[in-house]
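# Topology and contacts: notes
So the chains spell out like this:
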Amino acid sequence: MEFQELILQRQSDRKYSSKPVEKEKILKCIESARLSPSACNAQPWTFVVVDDEGKRLEVENAIATLGMNGFALQAPIVIAIVLEKPNLSSKIGSVIKDKEYTLMDIGIATNQFCLQASEIGLGTCIIGWFNEKKVKKVLNVPKNKRVPVLILLGYSESQQRQKIRKPIQEMCKFNSYKE
Ligand SMILES: Cc1cc2nc3c(=O)[nH]c(=O)nc-3n(C[C@H](O)[C@H](O)[C@H](O)COP(=O)(O)O)c2cc1C
């Protein structure tokens, strides 16, 4: 598949079949995330795969909150990405340059996971709206760590949608930000 075809194919899937996801496929997605670039190669992440039905439903109930993300309850797998302490050089660089490298790293790994999933016929949805405290409790994540993002994973039953994006002229400049 052409890379740009894959980019167009990956979408946020909000309807899943109950078909279980094969462990090798989950691990393939984790492997692609593992190979992601990160500032100073710090790899500040742990992927917690939630495939136990009881735990998964508890996590999904922490996603489907305040009238949002109700569709999460159908996803057969949830991945929680735990933000780990970066190495010293990434941390120092982050302070000196006042940039959140670790969150950038997590974002890149998340996308690599989702693109890989799409390539092998799986659907995903990145989830940023959830009760983090509850998720951490269910998954035994220490209180002092953050879970910036979750990924729903499963066989999608969503229709393929056209991408809705700002026009390229609005988001791309050559040589000067100001016209
Ligand atoms: C950091 C982040 C958090 C997101 N959180 C949610 C969420 O809580 N619920 C949801 O349905 N979609 C969520 N999304 C998916 C976006 O809504 C989606 O990527 C965007 O609308 C573009 O659509 P597409 O992914 O289908 O191309 C999130 C995406 C990102 C990158």
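Preceding block: the structure.
These notes cover the structure that comes with them. (Residues numbered from 1 in each chain as written. Predicted model: local features only at pLDDT ≥ 70, side-chain atom pairs only at ≥ 80, totals over all residues. Heavy atoms only, no water.)

## Notes on the site of the ligand
Close contacts around the ligand come from 14 residues, with Ser 12, Arg 14, Arg 161, Lys 163 and Arg 165 the closest. Separating an oxygen atom of the ligand from a side-chain N or O atom of Arg 161 is a distance of 2.7 Å. A total of 620 Å² of accessible area belongs to the ligand in isolation, and the protein chains cover 61% of it. Taken together, the residues that form the shell around the ligand break down as 5 nonpolar, 4 polar and 5 charged. (Near = heavy atom within 4 Å. Polar contact = N/O pair within 3.5 Å; in protein donor to acceptor, adjacent residues only side chain to side chain. Areas by Shrake-Rupley, 256 points an atom, 1.4 Å probe, with all protein chains shown as cover. Nonpolar A, V, L, I, M, F, W, Y, C, P; charged D, E, K, R; others polar.)

## Looking at the packing of helix H2 (residues 23-34) against helix H5 (residues 101-119)
Relative to each other, H2 and H5 sit at 140°, their axes nearing to 8 Å. In terms of crossing hand, the pair formed by H2 and H5 is right-handed. Contacts between H2 and H5 involve Lys 28, Cys 29, Ile 30, Ser 32 and Ala 33 on the former and, on the latter, Ala 109, Gln 112, Phe 113, Gln 116 and Ala 117. By residue class, the composition of the contact of H2 with H5 is 6 nonpolar, 3 polar and 1 charged. (Axes fitted to C-alpha atoms, helices over the stretch in contact; angles between N-to-C directions. Helix = DSSP H or I, 4+ residues; strand = E, 2+ residues; numbered from the N terminus. Left-handed = near helix turned anticlockwise from the far one by under 90°. Contact = heavy atoms within 4.5 Å.)

## Regarding the packing of aromatic side chains
All chains considered together, the criterion is met by 1 aromatic pair. With a centroid separation of 6.1 Å and 40° between ring planes, the pair formed by Trp 45 and Phe 47 is classed as tilted. For the pair Trp 45 and Phe 47, a shared accessibility class is recorded, and that class is buried. (Phe/Tyr/Trp six-rings, centres within 6.5 Å; stacked < 30°, edge-to-face > 60°. Buried < 20%, exposed > 50% of the residue type's maximum accessible area, 1.4 Å probe, protein only.)

## A look at the side chain of Ser 94
Looking at where Ser 94 falls in the secondary structure, it is placed in helix H4 (residues 88-97). Other than its neighbours up to four places away in sequence, Ser 94 contacts Lys 99, Glu 100 and Tyr 101.

## What about the sheet that holds strand S3 (residues 123-127)?
Pairing in this open sheet of 4 strands is antiparallel, and the strands run S1-S2-S4-S3 from one edge to the other. With partners counted over all chains shown, the strands left at the sheet margins are strand S1 (45-50) and S3, one partner each. Put simply, the sheet's adjacent strands are angled 20° from each other on average, direction ignored. As defined by bridge partners, S1 adjoins strand S2 (residues 77-83) across 6 bridges and the pair is classed as antiparallel. Counterpart to Val 49 in the pairing with S2 is Ile 79. The strands touched by H2 within the sheet are S1, S2 and strand S4 (146-154), with S1 carrying the most contacts at an inclination of about 170°. Contacts from H5 reach S1, S2, S3 and S4, with the element oriented near 5° to S4. (Pairing = 2+ DSSP bridges.)

## Looking at the nonpolar core
A general feature of soluble globular proteins is that nonpolar side chains tend to end up buried together. Formed by 22 residues in total, the largest nonpolar core has its most connected members in Phe 47, Ile 79, Ile 81, Phe 113, Leu 122 and Leu 153. Elements with a contribution of two residues or more to this core: H2, S1, S2, H5 and S4. For Ile 79, the contacting residues outside a window of four places in its chain are Ile 26, Ile 30, Phe 47, Val 48, Val 49, Phe 113, Val 149, Leu 150 and Ile 151. Ranked by size, the runner-up nonpolar core spans 21 residues in total, among them Ile 63, Ala 80, Val 82 and Val 135. (Core = buried A, V, L, I, M, F, W, Y, C linked by side-chain atoms within 4.5 Å.)

Taken by themselves, the reported measurements are silent on function.
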